[in-house]
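# Analysis of the macromolecular model
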Amino acid sequence: MAKRYRFRKVYFVCRDNSIFSDTRFVNCFRSEAHAREQAIVQQRNALENSQMLWEKDKAIPKFKAHGFYLVHESLIDELLKGFTEEK
């Protein structure tokens, strides 16, 4: 590995411990504090919206901020090169 790679820690607001949900996009935050604030806001909105009569039986989703490391996909390709077969 001659090339140097950067590992960046980012934070996602996860719904029920899952990054991806029904939406096609997710928000990524550099600051853990900001991600936690957004998780609190989303949790508050979920609690307010759960008061609808037709949603009384549904479980209220839990929102939490989780940290992940992002790396460039070429690093993964380079690491897995020895374990994959070219056809």
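A few points on the structure. (Residues numbered from 1 in each chain as written. Predicted model: local features only at pLDDT ≥ 70, side-chain atom pairs only at ≥ 80, totals over all residues. Heavy atoms only, no water.)

Attention shifts here to the state of the cysteines. Enumeration according to the criterion identifies zero disulfides in this entry. Cys28 takes part in no disulfide bond, and the closest cysteine sulfur, belonging to Cys14, lies 11 Å away. A residue is classified by how much of its surface remains accessible, and Cys28, at 42% relative accessible area, is partly exposed. (Disulfide = S-S within 2.5 Å. Buried < 20%, exposed > 50% of the residue type's maximum accessible area, 1.4 Å probe, protein only.)

Bringing the nonpolar core into the picture now. Core analysis: the biggest nonpolar cluster contains seven residues, these being Tyr11, Val13, Phe29, Ala35, Ala39, Ala46 and Phe63. Elements that contribute at least two residues to this core include exactly β1 (8-15) and α1 (32-49). Top contributing element to this core by residue count: α1, with three residues. Contact partners of Ala39, with chain neighbours within four places excluded, come to Val13, Phe63, Lys64 and Ala65. (Core = buried A, V, L, I, M, F, W, Y, C linked by side-chain atoms within 4.5 Å. Helix = DSSP H or I, 4+ residues; strand = E, 2+ residues; numbered from the N terminus. Contact = heavy atoms within 4.5 Å.)

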